[in-house]
Amino acid sequence: MVEVKKLTKEIKYSTGIFLPIINDISFSIDKKETVGLLGKIGSGKSTIALCMLRLIEPTSGEIYFEGERVDNISQRKFRKFRKEYQIIFQDSSSTLNPIYTIEEQLREVFLYYKLSDNNNVDKKIDNLLEEVGLNPSIKRKYPHEISTGEKQRVCIARVLITNPKFIVLDEISSSLDVINERKIFDLLKDIQKKRFVSYLLITHNIKLACNYCDRIMILSDKKLKFLSNNKVQEEELVKHFED
Ligand SMILES: Nc1ncnc2c1ncn2[C@@H]1O[C@H](COP(=O)(O)OP(=O)(O)OP(=O)(O)O)[C@@H](O)[C@H]1O
Ligand SMILES: [Mg+2]
């Protein structure tokens, strides 16, 4: 479904030298799979995700979506993949625009991708909000009028509009309490079963990764230093994380 081969991203520092922030990263993610990407702060987790979705350009390496190489095509050609390969960020407050209602922000996505005529959109927005566990009446509110957990659900609804096959979840629960975190991930699991979506779950939370991931990778010193083939127990993961 998604394959990354020998991905490297270098940054040019003010002294003129180039140094890698991620180096020679290879992994793949299957359909309907949740793969965890763990690593300490600043270890390069988001850089991997941003390169995969061409939000920044990798220095070298190859990226494949369903067997098609996507790192060497133009941004214009890449647009057709954009719909199906999505990302949700940690900070839902900065993802949502404070001056538009939830409804306006969801409608904008339908229009941008020409997914529906204006009459059908109303019903689709209500269905999506229900799918993510929100009362559709929330659509008339502005982002500052809803809770952080509700905002994160709106962000999930927004990426679901295009019916993606793959979603990067980049620290999406770090501003939520434990109860809301569990609810959000249970919701994401339900969505996965129904819509056959794959996730790359980026986190520093070992417990969360063990609970929700089919496989786990640990990033350290700019490289993947651990890559499991199946579920990992918390104690084992702590050992690898601290090594
Ligand atoms: N454009 C850039 N210029 C210089 N350094 C950068 C740039 N982008 C990222 N870095 C550095 O590369 C490293 C990896 O950053 P990245 O954001 O990928 O880490 P992360 O694992 O996602 O961290 P966090 O857990 O804090 O989200 C950091 O040390 C960061 O400061
Ligand atoms: Mg990050």
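Structure: see above.
Thresholds, definitions, all that
- Residues numbered from 1 in each chain as written.
- Chains lettered and ligands numbered in written order.
- Predicted model: local features only at pLDDT ≥ 70, side-chain atom pairs only at ≥ 80, totals over all residues.
- Helix = DSSP H or I, 4+ residues; strand = E, 2+ residues; numbered from the N terminus.
- Rg over C-alpha atoms; globule rule 2.2 N^0.38 Å.
- Buried ≥ 20, exposed ≤ 12 C-beta atoms within 10 Å, placed from the backbone.
- Near = placed C-beta within 6 Å.
- Nonpolar A, V, L, I, M, F, W, Y, C, P; charged D, E, K, R; others polar.
- Core = buried A, V, L, I, M, F, W, Y, C linked by C-beta atoms within 7 Å.
- Contact = placed C-beta atoms within 7 Å.
- Pairing = 2+ DSSP bridges.
- Axes fitted to C-alpha atoms, helices over the stretch in contact; angles between N-to-C directions.
- Parallel < 35°, antiparallel > 145°, perpendicular 65-115°, else oblique.
- Left-handed = near helix turned anticlockwise from the far one by under 90°.

With that settled, consider the overall build of the protein chain. The helix and strand inventory of the protein chain stands at nine helices and 10 strands. Taking 243 residues into account, the globule formula puts the C-alpha radius of gyration at 18 Å, and the protein chain, at 18 Å, falls close to it. Based on the C-alpha atoms only, the size of the protein chain along its principal axes is roughly 50 × 45 × 35 Å. Counting across all 243 residues of the protein chain, residues that qualify as buried make up 32%.

Let us now look at the site of ligand 1. Taken together, the residues surrounding ligand 1 are Ile 11, Ile 21, Gly 39, Ile 41, Gly 42, Ser 43, Gly 44, Lys 45, Ser 46, Thr 47 and Glu 171. Broken down by element, the shell around ligand 1 gets its largest block of residues, three residues, from helix H1 (residues 45-52). For the shell around ligand 1, a count of residues per class yields three nonpolar, six polar and two charged.

To continue, consider the nonpolar core. Leu 37, Leu 200, Leu 201, Ile 216 and Met 217 are the most contacted members of the largest nonpolar core, which totals 38 residues. With sequence-adjacent residues up to four places away left out, Leu 201 is seen in contact with Thr 34, Val 35, Gly 36, Leu 37, Leu 169, Ala 209, Tyr 212 and Cys 213.

This part covers unusual backbone geometry. Positive phi outside glycine occurs at Lys 32, with the angle close to 65 degrees. Positive phi is not limited to glycine here, since Arg 54 has a value of about 60 degrees. Here Arg 54 shows up in the loop between H1 and strand S4 (60-65).

Among the eight residues in H1, six count as buried, and that is most of the element. Those residues of H1 lying buried are Lys 45, Ser 46, Thr 47, Ile 48, Cys 51 and Met 52. Phi for Arg 54, located one or two positions after H1, is positive at around 60 degrees.

When strand S1 (residues 2-12) meets S4, the two strands line up antiparallel, connected through five bridges. Residue pairing for S4: Lys 5 is matched across the bridge by Glu 62. The pairing of S4 with strand S5 (residues 68-69) spans two bridges and is classified as antiparallel. Across the sheet, the residue bridging to Tyr 64 is Arg 69, located in S5. Hairpin connection, S4 to S5: the antiparallel pair is bridged by two residues, and Glu 66 has positive phi, about 45 degrees.

Our focus in this paragraph is the packing of helix H4 (residues 102-112) against helix H6 (residues 148-160). Look at H4 against H6: their axes get within 9 Å of each other, and the N-to-C directions meet at 20 degrees. With respect to each other, H4 and H6 are oriented roughly parallel. Judged by the twist between their axes, the crossing of H4 over H6 is right-handed. In this structure, H4 uses Ile 102, Gln 105, Leu 106 and Val 109 to contact H6, whose residues at the interface are Val 154, Ala 157 and Arg 158. For the contact of H4 with H6, the class distribution of residues is five nonpolar, one polar and one charged.

Turning to the sheet that holds S4, a few remarks are in order. If you walk across this open sheet you meet the four strands as S2-S1-S4-S5, and the pairing is antiparallel. Here the strands that pair on one side only, and so sit at the sheet edges, are strand S2 (18-29) and S5. Against the sheet, H1 contacts S1, S2 and S4, and its axis sits at roughly 115 degrees relative to S1.

Relative to the helices and strands, Glu 68 resides in strand S5. Judged by C-beta crowding, with 9 C-beta atoms within 10 Å, Glu 68 ranks as exposed.

Read across the sheet, six strands follow the order S6-S7-S8-S3-S9-S10 without closing on themselves; strand pairing throughout is mixed. Of all strands in the sheet, those bounded by a partner on one side alone are strand S6 (85-88) and strand S10 (223-227). Shown here is a sheet whose adjacent strand axes are inclined to one another by a mean of 20 degrees, direction ignored. Bridging between strand S3 (residues 34-39) and strand S8 (residues 198-203) involves five bridges; their strand directions are parallel. Each residue of the ladder has a partner; that of Gly 36, found in S8, is Leu 201.

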